[in-house]
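An overview of the molecular structure
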Protein chains: 2
Amino acid sequence: MERASVDHLAHERNKAQFDVEAMKIVWAGSKHAFDVSNRMARLVASDPVFDKGDRHLLGRKELFKEAMRKAAHGWRLINELRLSDEVASRFRSFIDEPSFIDAHWEMFVPTIKGQCNEEQKQKWLPLANKLQIIGCYAQTELGHGSNVRGLETTATFDPISDEFVINSPTLTSTKWWPGGLGKASTHAIVFARLKLGTQDHGVHGFIVQLRSLDDHVPLPGITIGDIGMKFGNGGYNAMDNGFLRLSQVTREGKFLESNVPRQLVYSAMIYVRQTIVSDASIALSRAACIATRYSAIRRQFGSHDGGLETQLIDYKTQQSRLFPLLASAYAFRFVGEWLKLLYTDLTRRILSNDFSTLPETHSCTAGLKSLTTSITAGAIDECRKLCGGHGYLCSSGLPQLFAAYVPACTYEGENYVMLVQVSREGRFSAGFWKTLHRNNSLYEASKTFDALYLQDWLKPCVSMEVFEARSMRMLIACAQNISKMPNQEEGFAELSSDLAEAATAHCQLIVVSKFIEKLRENIPGEGVKDQLEVLCNIYILSLIHKHKGDFLSTRCITPKQASLANDQLRRLYTQVSSSKRNHLVDAFNHTDHYLGSVLGRYDGNVYPKLYEEAWRDPLNDSVVPDGYTEYLRPMLKQQLHNARL
Amino acid sequence: MERASVDHLAHERNKAQFDVEAMKIVWAGSKHAFDVSNRMARLVASDPVFDKGDRHLLGRKELFKEAMRKAAHGWRLINELRLSDEVASRFRSFIDEPSFIDAHWEMFVPTIKGQCNEEQKQKWLPLANKLQIIGCYAQTELGHGSNVRGLETTATFDPISDEFVINSPTLTSTKWWPGGLGKASTHAIVFARLKLGTQDHGVHGFIVQLRSLDDHVPLPGITIGDIGMKFGNGGYNAMDNGFLRLSQVTREGKFLESNVPRQLVYSAMIYVRQTIVSDASIALSRAACIATRYSAIRRQFGSHDGGLETQLIDYKTQQSRLFPLLASAYAFRFVGEWLKLLYTDLTRRILSNDFSTLPETHSCTAGLKSLTTSITAGAIDECRKLCGGHGYLCSSGLPQLFAAYVPACTYEGENYVMLVQVSREGRFSAGFWKTLHRNNSLYEASKTFDALYLQDWLKPCVSMEVFEARSMRMLIACAQNISKMPNQEEGFAELSSDLAEAATAHCQLIVVSKFIEKLRENIPGEGVKDQLEVLCNIYILSLIHKHKGDFLSTRCITPKQASLANDQLRRLYTQVSSSKRNHLVDAFNHTDHYLGSVLGRYDGNVYPKLYEEAWRDPLNDSVVPDGYTEYLRPMLKQQLHNARL
């Protein structure tokens, strides 16, 4: 099914000069990870329940009903096949549709595991793990997002009855956005401001039962619903993001008790954000795969004798827009792997009460979450444009990818808020300001770098120094400007945009350094490491080109060096283009089902399938459209004055 | 209806320090243009047939049926009210839904007017003008877009029967994308390769009847349908973009006969593209209006004593992302006005057989079409992000605006293809290379500019010189690099990305110069000109910041000057923010109907209306969702093994 008999891209593939099977392992992270993903992707792809072909045609109710069906069918398979938690999670990811079941497994269960005390865990985990209850995470409110301290929902403790009264005192305190809240969840972890007598004890989490376990009807005092349609035809609309107004009593309470260290909350945040970085590389790889394959099929201009036109991918404009995105997918993959190790190390330390790496890990993860999701969201849209008009069709898969992806820029830490925070706290204060005193020559604006020849721009040590210097000098410039302000707080506020740019530079430095570190590993497979080196250099040089203003204004490079870097970048494009472009996206090992794109089909059989897809539109059910008699005919026949419109 | 009793933004509005009514006239272009738009916008807004509230909930068929209903109702009103062509066109624009009727009026009719000979006009124009036929413009094919010369559809002339046989010889020659083709059109202008005997006479236009005027059934030899769903919930899906396969005879044809000068084809292209530039400013103004109003309502962080949090619009990060977009809306408006004059002048000249300004007008319009649509598409998405999570809800209006807008980057000249063309032809070869020989000191890399103080960056003459020098020096750099290549053709191909960047710089120079020229006019109204000066400087300085790399690498400015420019930019943000921000968007005079956004409501009554909108989602029809019994209950009750999924 995945491999059709005619492969229109076979000619392209025969050109490959590296071991694509070995690259698949590198991309997946390990042989084990590859095997699991490969098996689960194909399990989902071969099951008709998980078909996605008609998603963009479904109305809201049908879409949600299908999501419930997929969740139930998936859960049955997970149990029948006795999939482990890790494997089940991979399995769910290939279903590729955001739904309440994700909110349950990715938000509700981890919060109980991470933030409840033992007694609470013993009560709730077995129920949640067997799906005897469905839960969600209700924090955001209609009037309050990023600033958790601004939440208005109240929890008033009644010492006599030993209960909490949870209340939505204002319209803006309505819980708003939680995934799974609207229709599916029976329970929620509700974040509310704890009041004891007249005292405000800050925001805490409470478990609240929302719906009867007998008939799913909301309990008394609870008003609950879906917040309405979101961006895109399918998009996130299979998810019942919900609202909730409360005037309800619960005996379950409160999280973040004294015996659960505050640091665990941060640790949970770090866990979620590092998975978002991993997911960014996957989403970006999907878009880049679609655009790369289609660019090898699509031809345009360049024929002077009526022969075949030139493949889009052979144009420098296409290459200069596409290949940096392809390189970024790999870059994000490797930095994501590193973040995962960083998180594993952190949890190990926390178990032995060592919180020393927490601030820096927190800051790193927040910054990289912001960087990778912003770039990925933009990249998906750019890949759509790289596919020309056909990228705008739902059958290209790109509208769905974009609409379902962009919330990642907002949830779990709004990207701009994150960047400003990163530059003010964490890494910058803890790590950077410390190294600043080491008086490294990189900080000195007079120090320049020795990229005199084209090939100097292929040396990792050169790139690393230039990126380090740029990041540090931008921050020094911020610090100097802040020092001119009446006070530091005002300075931070006034220069927040500059700080965000400095944070971006810092995060790019991290990504670059981790890509370079990856290349120092032993990487088996013929030509694989060479190919990764090319991608790494494309990533680096395309960043230098894109942020030339930063590098020049901090005097890290000269205009002449910038021009050399750009020349070298063009040469690298030629290297990718001439031999390996399709294998670089084949290495992602995406099934046609997962890609969900006619343009990105493995076999390149684009045009016949576009035509076939078109016929499936409901408008093509009849040759004369419904409404012709009422509206078109009277107009054409000049009889509108009598018509009932 | 438009002005609710409580105005949550009244406090903001009371701060205004300029004459907003006078600014409305400036924005509209003239008192007359303001009156027409104001009257038509309110006519549409008050008519329930044109309600857009449920658009994102409609399935494909219903959406198209509604589009037919709106077209018929609109046509009846246009006739009853005896609206002139100009006024009718404004009226249709406020219906704010792309549909077949636009393809008829904006593509089919102008092509007949501009490219038919007198005999053809006499036959077709009366039918088209009375809507006795509905037409579309069928050029693009499944396998062929930008390269018109690559079209595969054939028209073979049979001298015996004096007829053309129009044929789709391959799948990729299927006409694909034409708006209105799929379901509504009775006729099409089909572009095909003319064959006389064995000779190929290039691509020509032919009028082909597609459907019977009796029952709307496609004629024999014609296969026709809709190409399927496109990006977004409503988006462009009310439009029946269609496909067409032909094996059909027509006696009507061919256009571009010897008595219709080739230049008229270019003139038509210029006409369409200059309207696209105008439309860009409108689309951008809508997004900026929504984001500005919501940013004054939304509050976040900044409260230390439980009081009101800070308005989003008071944050420098918000300002630095939003205000340049607001300034761009004004900038595009003025350059659009200038293009319109340029086009009027061109048509006047063409009438007296003067084609001297054609190449430069063509190139200017192509470049500005590319620049303004690319920026606007990105800006709408940025405005969505500036509205945080709520911007992702359909009720914010931004998903619809984005999905319906982005095709402008692709149709009527794909934006990247345009940029590369601009840099190779037109203005650059005709205008630029000529001035190059004038040996202006601006071209000399040694010439620097005298912005030594903050206030120097408020001087138009300084900005103009800097933008001129940057544009010219970038092109010189391209020319020098091209001269090093084996031949010019290879050089153009290899450096096409650099050429596209140089073309962008050139187009920005045009926009900047037209904004500055506008400020030299007599502009009545208290404070209006001052305010436009602030916007002009924000536009200029934000471009310098964004493209700092260009300005620095061409040594037009020094790092120190770049830093001063950025300081000045921040000061300007403060000026806009402190007093005039809401009036600057009120000046667009958009009705709440046209904006279609809960977040952008004139009265700022955002939260209650979001809550109200949410309840209207079909998922909220019942408290227990459809599908609970089949899927959720068996899962919760551990009875999945028996369930039929």
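Residues numbered from 1 in each chain as written. Chains lettered and ligands numbered in written order. Predicted model: local features only at pLDDT ≥ 70, side-chain atom pairs only at ≥ 80, totals over all residues. Heavy atoms only, no water.

**A closer look at the side chain of Arg470(A)**
Residue and element names in this part refer to chain A. Mapping Arg470 onto the fold places it in helix H14 (residues 460-483). Residue class for Arg470 comes out buried when judged on its relative accessible area of 0%. Engagement of the side chain of Arg470 in a polar contact is seen with the side chain of Gln508, the distance being 2.8 Å. If we ignore the near neighbours within four places in the chain, the residues touching Arg470 are Ala505, Gln508, His547, Asp550, Phe551, Thr554 and Cys556. (Helix = DSSP H or I, 4+ residues; strand = E, 2+ residues; numbered from the N terminus. Buried < 20%, exposed > 50% of the residue type's maximum accessible area, 1.4 Å probe, protein only. Polar contact = N/O pair within 3.5 Å; in protein donor to acceptor, adjacent residues only side chain to side chain. Contact = heavy atoms within 4.5 Å.)

**Some thoughts on the interface of chain B and chain A**
Contacts between the two partners involve 133 residues from chain B, matched on the other side by 133 residues from chain A. In terms of surface lost to chain A, no three residues of chain B exceed Phe231(B), Tyr392(B) and Leu619(B), which account for 7% of the buried area on that side. Put simply, chain B and chain A have 14 salt bridges between them. The partner of Asp617(A) in a salt bridge is Arg60(B), and the shortest N-O contact between them spans 3.2 Å. Taken together, chain B and chain A are joined by 55 residue pairs in polar contact (both at pLDDT 80 or more). Of the residues forming the side of chain B that touches chain A, the biggest block, 11 residues, is contributed by helix H4 (residues 60-80) of chain B. Residues of the side of chain B that touches chain A, tallied by class, amount to 62 nonpolar, 37 polar and 34 charged. (Buried area = accessible area lost by both parts, 1.4 Å probe. Salt bridge = Lys/Arg side-chain N within 4 Å of Asp/Glu carboxyl O. Nonpolar A, V, L, I, M, F, W, Y, C, P; charged D, E, K, R; others polar.)

**Here's the deal with the relation of the copies chain B and chain A**
Once turned by 180° and shifted 0.0 Å along the axis, chain B lies on chain A with an RMSD of 0.0 Å. The transformation relating the two chain copies, once decomposed into turn and shift, fits a two-fold axis. For chain B, the smallest separation between a C-alpha atom and the rotation axis is recorded for Gly549(B), amounting to 1.7 Å. A shared binding surface is used by both copies, with 100% of the interface residues of chain B retained as interface residues in chain A. (Least-squares fit on C-alpha atoms with pLDDT ≥ 70 in both.)

**Some details on the UniProt feature "domain: Acyl-coenzyme A oxidase N-terminal" (unreviewed entry) in chain A**
Under the present numbering, the feature "domain: Acyl-coenzyme A oxidase N-terminal" (unreviewed entry) in UniProt falls on residues 19-134 of chain A. Annotated as 72% helix and 0% strand, the span residues 19-134 of chain A places its first and last C-alpha atoms 45 Å apart. (UniProt positions renumbered as here; feature names shortened; annotations may be inferred.)

**Overview of helix H3 (residues 31-45) of chain B**
Look at H3(B): 21 Å from first C-alpha to last across 15 residues, which is about the 21 Å you get at 1.5 Å a residue. Where the residues of H3(B) are buried, they touch helix H2 (20-28), helix H5 (85-95) and helix H21 (592-595) of chain B. (Expected span 1.5 Å × (residues − 1).)

**Observations regarding the packing of helix H4 (residues 60-80) of chain A against helix H6 (residues 100-115) of chain A**
Residue and element names in this part refer to chain A. Between H4 and H6, the least distance of the axes is 9 Å, while the angle of their chain directions is 50°. In terms of axis orientation, H4 runs oblique to H6. Touching Phe64, Ala67, Met68, Ala71 and Trp75 of H4 are Phe100, Ile101 and Trp105, all from H6. (Axes fitted to C-alpha atoms, helices over the stretch in contact; angles between N-to-C directions. Parallel < 35°, antiparallel > 145°, perpendicular 65-115°, else oblique.)

**Some words on the pairing of strand S7 (residues 222-226) of chain A**
Residue and element names in this part refer to chain A. Most of S7 is tucked away, with 4 of its 5 residues classed as buried. Pairing geometry for S7 and strand S8 (residues 242-250), over 5 bridges, is antiparallel. Bridge pairing in S8 links Gly225 to Phe243. (Pairing = 2+ DSSP bridges.)

**Re the environment of Lys183(A)**
Relative to the helices and strands, Lys183(A) resides in the loop between strand S4 (175-176) and strand S5 (187-196). For Lys183(A), a relative accessible area of 1% corresponds to the buried category. When the C-alpha atoms of Lys183(A) and Ile224(A) are compared, they prove to be 8.0 Å apart, with 41 residues separating the residues in sequence. Residue contacts for Lys183(A): discarding those within four places in its chain leaves Phe64(A), Arg211(A), His216(A), Asp226(A), Asp240(A), Leu619(B), Asn620(B), Ser622(B), Val623(B) and Pro625(B).

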